[in-house]
Amino acid sequence: MMIWKRILVGFLACALALTGPGLASGADEKKSAAVDEVFADLVKPGSPGCALGVYREGKIIYSKGYGLANLEESVAITPQSVFDIGSTSKQFTAASILLLEKQGKLSVNDDIRKYLPELPDYGQKITILNLLNHTSGLRDYLGLMEFAGINTDSVTTDEDALQIVVRQKALNFAPGSDWLYSNTGFFLLSVIVKRASGKTLREFAADNIFTPLQMTHTQYRDDHTSLIENRAMAYDPGEKGVGYSLDVSYFEQTGDGAVHTSVEDLQKWDENFYSGQIGGKEFLAEIQEQGKLNSGKVLDYAKGLFHREYRGLHAVRHGGSWGGYRAELLRFPEQHFSVACLCNLGNANPEQRAERVADVYLGSLMKPKEPRKEPERRPETEKKSVTLTAEQLAAYAGDYWSQELGITYRLGVEGSNLKVVAIVDGSGTVRTDVPIRRPFAATGDNEFAVERPRFAIHFQRDAHQALTGFTLDAGRTRGMIFSRKDGSGK
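Here is what the cut-offs are and how they apply
Residues numbered from 1 in each chain as written. Predicted model: local features only at pLDDT ≥ 70, side-chain atom pairs only at ≥ 80, totals over all residues. Heavy atoms only, no water. Helix = DSSP H or I, 4+ residues; strand = E, 2+ residues; numbered from the N terminus. Buried < 20%, exposed > 50% of the residue type's maximum accessible area, 1.4 Å probe, protein only. Areas by Shrake-Rupley, 256 points an atom, 1.4 Å probe, with all protein chains shown as cover. Lys, Arg positive; Asp, Glu negative; His and termini not counted. Charge placed at Lys NZ, Arg CZ, Asp CG, Glu CD. Core = buried A, V, L, I, M, F, W, Y, C linked by side-chain atoms within 4.5 Å. Contact = heavy atoms within 4.5 Å. Disulfide = S-S within 2.5 Å. Arc of directions from axis to C-beta. Salt bridge = Lys/Arg side-chain N within 4 Å of Asp/Glu carboxyl O. Pairing = 2+ DSSP bridges. Axes fitted to C-alpha atoms, helices over the stretch in contact; angles between N-to-C directions. pLDDT = per-residue confidence, 0-100. Phe/Tyr/Trp six-rings, centres within 6.5 Å; stacked < 30°, edge-to-face > 60°. Lys NZ or Arg CZ within 6 Å of the ring centre and 35° of its normal.

Asks: For this particular structure, what's the right way to read the overall build of the protein chain?
Replies: Counting its secondary structure elements, the protein chain contains 11 helices and 22 strands. Buried residues in the protein chain amount to 50% of all 490 residues. Carbon together with sulfur atoms contributes 52% to the accessible area of the protein chain, which is approximately 23200 Å² in total. Put simply, the protein chain has 57 plus and 62 minus side-chain charges, and the middle of one group is 3 Å from the middle of the other.

So, in structure tokens, the structure goes:
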């Protein structure tokens with residue numbers, strides 16, 4: 001009888017093994033296959049790709065690498081591969097500032113000139129909180145460097161970035177009156193961390209965030225010569241869709257970016273938003289608190305984090321883009337569920353891939369998908385070109401100096417348009433690899449523009465109608481002043 005009981009117990013155990021767990025395993029396999037399909041285009045031979053981490057209830061429930069971390073060596077991407085996460089880094093910079101506030105070394109309501117006295121006095125107080133919320137009005141230093149002809153494969157330092165910021169004579173808008181994404185704010189936060197703590201942001205974040213959370217493969221990279229274990233290189237698609245080209249940056253400044261990490265390490269940071277191991281509950285509330293304008297309007301931006309709804313679910317997220325690196329960390333707080341997608345291909349679009357992965361796991365909780373809408377074109381981009389005579393057009397040609405950039409733009413005529421044909425740096429070196437390559441079409445009286453992306457030039461004349469210079473509006477920079485050098489315009 002005992003033998004039969006043992007046989008029956010064994011049979012039931014086998015049956016349970018084939019039903020309960022078997023069904024769960026089958027469901028998991030189906031989800032895994034659906035997730036893998038999201039990255040199917042990246043597993044072709046010789047392709048860069050992405051690392052994926054899916055987190056639920058404090059655990060990694062799925063992780064995988066797709067494509068190659070290094071094309072020359074045919075090294076595969078794994079969940080341990082380390083990527084530059086670009087602007088996804090901003091939440092770590094914000095966290096460092098808030099931790100310094102907890103330590104009593106600063107207040108987010110402090111005037112930034114308390115720590116950065118070399119900045120111009122714009123006549124209005126700019127607070128650390130303005131920097132954290134992108135409401136400072138400061139021009140984006142990455143755009144300024146681009147306009148000055150500095151490429152991302154050039155070596156630049158904190159001092160280079162700080163000097164170009166210090167030279168700016170005006171703000172885009174009054175502090176707190178508007179919102180405009182600005183890398184300048186977060187770069188300046190890295191300088192404030194150093195001056196308030198005596199440590200570089202790299203050192204402070206390591207001591208106060210990365211080491212306590214055992215994020216052993218995470219760091220701010222502030223030295224372009226440093227070696228990083230398991231680092232994925234970054235690439236852009238080749239011309240006409242053939243092959244790839246290396247696209248890594250040698251900028252050394254931090255704050256707005258420069259964190260290098262893996263999807264495995266990011267899970268530990270993501271879980272801190274629930275555990276509060278670093279900072280505690282007050283810290284978690286403050287870093288996720290949405291900003292406000294002076295008018296009282298609540299922003300969808302917190303401190304290095306966006307609050308966005310995705311298919312009816314509340315999401316907290318931030319992407320990153322630098323060189324050929326792309327990143328997205330997408331968190332659904334109410335579901336204790338997150339997706340990290342880190343890529344080393346410039347057109348990988350991790351934002352959409354992370355959303356598609358979330359669809360696989362949370363789709364039953366979500367609203368039906370809506371078709372993506374094309375962004376509306378702003379009225380100013382609808383300006384039509386006007387025709388100028390050759391004589392009228394030639395009057396605008398010449399050299400225009402920008403004290404704020406420290407360079408001269410040489411304008412010439414190309415067909416019926418104006419074009420930046422060269423830039424002249426402070427040493428007198430003439431370069432033809434200009435930052436604005438497309439020609440400007442006349443759009444009105446003393447106005448010229450390049451469409452998509454929008455660049456606009458507004459010429460000024462004196463009382464005798466002689467051209468004295470122009471202002472440039474481009475991207476995250478408004479009202480950049482250029483003065484005419486040759487005085488020949490009429």
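From this point, the discussion proceeds with the structure in view.
Asks: Honestly, the nonpolar core in this entry has me stumped. Any pointers?
Replies: Nonpolar side chains tend toward joint burial in soluble globular proteins. F92, I128, I192, W269, L405, Y409 and F459 are the most contacted members of the largest nonpolar core, which has 105 residues in total. Broken down by element, the residue count for this core peaks at eight residues, all from helix 6 (residues 183-197). Residues in contact with I192, not counting those within four places in the same chain, are I97, L106, I112, Y115, L116, I128 and L131. With 26 residues, the next largest nonpolar core counts L42, C50, A315 and F337 among its residues.

Asks: Would you explain the state of the cysteines in this entry?
Replies: In a disulfide, the sulfur atoms of two cysteines are held together by a covalent bond. Taken as a whole and judged by the stated rule, the model has one disulfide. Linked covalently through their sulfurs, C50 and C343 form a disulfide whose S-S length is 2.2 Å. On the sign convention where negative is left-handed, the bridge of C50 and C343, at about 100° about the S-S bond, is right-handed. Of this pair, C50 sits in strand 1 (residues 50-56) while C343 sits in strand 13 (residues 337-343); the two residues are 293 residues apart in sequence, bridging distant segments of the chain.

Asks: Can you walk me through helix 9 (residues 280-287) in this structure?
Replies: Every α-helix carries 3.6 residues per turn, so stepping three or four residues along brings you back to the same face. Restricting attention to buried positions, one finds in helix 9 the residues F283, L284 and I287. For helix 9, the arc enclosing every buried residue in end-on projection is 100°, short of the 170-degree limit, so these residues lie on one face. Turned more than 90 degrees away from the buried face of helix 9 sit K281, E282 and A285, all of them exposed. Next to the buried residues of helix 9 lie helix 2 (90-102) and helix 8 (263-275).

Asks: Whenever I open this one, the pattern of salt bridges confuses me. Can you help?
Replies: Oppositely charged side chains can form a pair if their charged atoms are brought close together. One pass over the structure, following the stated rule, counts 16 salt bridges. The residue R353 makes a salt bridge to D41 at a minimum N-O spacing of 2.9 Å. Taken as a pair, R353 in helix 10 (residues 350-362) and D41 in the loop between helix 1 (2-38) and strand 1 lie far apart in primary sequence, 312 residues in all. On the basis of relative accessible area, R353 is assigned to the buried category, the value being 9%. Among the ionic pairs, K268 bridges to D265, the shortest N-O distance being 3.9 Å. Of this pair, K268 and D265 both sit in helix 8, three residues apart, which is roughly one turn of that helix. Overall, D265 belongs to the buried group, its relative accessible area being 2%. When salt bridges with common partners are traced through the structure, they connect R311, D359 and K369 into a single cluster.

Asks: What's the story with the pairing of strand 19 (residues 447-450) in this structure? I'm lost.
Replies: Remark: a regular strand shows side chains that alternate across the two faces of the sheet. Relative to strand 19, strand 18 (residues 441-444) is paired through three bridges, and the arrangement is antiparallel. Looking at strand 19, one finds that A442 is bridged to F448. Taking the residues that link successive antiparallel strands as the turn, the strand 18-strand 19 hairpin has two residues, and the phi of N446 there is positive, at about 65°.

Asks: I'm lost on the sheet that holds strand 11 (residues 313-322) in this one. Help?
Replies: Paired through backbone hydrogen bonds, the strands of a sheet run either parallel or antiparallel to each other. Taken in spatial order, the six strands make up an open sheet running 2-1-13-12-11-10, and their pairing is antiparallel. The open sheet has two edge strands, strand 2 (59-66) and strand 10 (306-310), and neither has a second partner. Averaged over all adjacent pairs, the angle separating strand axes in this sheet is 20°, with direction ignored. Two elements, strand 1 and strand 13, share seven bridges in a ladder whose sense is antiparallel. Opposite A51, over in strand 13, you have L342 as the bridge partner.

Asks: I tried to follow the confidence of the model for the protein chain on my own but got confused; where do I start?
Replies: Where the model shows low pLDDT, its predicted coordinates should not be examined in detail. Averaged over every residue, the pLDDT of the protein chain is 91; the share at 70 or more is 91%. Counting interchain partners and residues more than four positions distant, the pLDDT-below-50 stretch residues 1-23 has two contacts.

Asks: Mind showing me how you'd approach the packing of aromatic side chains here?
Replies: For the coordinates displayed, the defined rule picks out 24 aromatic pairs. A ring pair is formed by F147 and F455, whose centres lie 6.2 Å apart and whose planes are at 80°; its orientation type is edge-to-face. With F147 in helix 4 (residues 141-147) and F455 in strand 20 (residues 455-461), the pair connects residues that are 308 residues apart, well separated along the chain. By relative accessible area, which is 12% here, F455 ends up buried. One aromatic cluster is present, formed by Y396, Y400, Y409, F448, F459, F470 and F482 through successive ring pairs. The ring of F186 is capped by K90, whose NZ or CZ atom sits 5.8 Å from the centre of that ring. Taking the ring centre of F273 as reference, the NZ or CZ of R331 above it sits at 3.8 Å.

Asks: Hey, could you run me through the sheet that holds strand 9 (residues 259-261) in this one?
Replies: Strand order in the open sheet formed by three strands is 5-9-6, with antiparallel pairing between adjacent strands. For this open sheet the edge positions go to strand 5 (83-84) and strand 6 (219-220), each flanked by a neighbour on one side alone. As paired elements, strand 5 and strand 9 share two bridges and run antiparallel to each other. By the bridge assignment, D84 is partnered in strand 9 with H260.

Asks: How should the pairing of strand 15 (residues 407-414) be read in this particular structure?
Replies: Across five bridges, the pairing between strand 14 (residues 398-402) and strand 15 is antiparallel. Looking across to strand 15, one finds that W401 is bridged to T408. Between the end of strand 14 and the start of strand 15, which pair antiparallel, lie four residues, with G406 showing a positive phi angle near 75°. Across seven bridges, strand 15 lies against strand 16 (residues 417-424) in antiparallel orientation. Each bridged residue has a counterpart across the sheet, and for G412 the counterpart in strand 16 is K419. With antiparallel pairing between neighbouring strands as the criterion, strand 15 and strand 16 make up a hairpin whose turn holds two residues, including G415 at a positive phi of roughly 65°.

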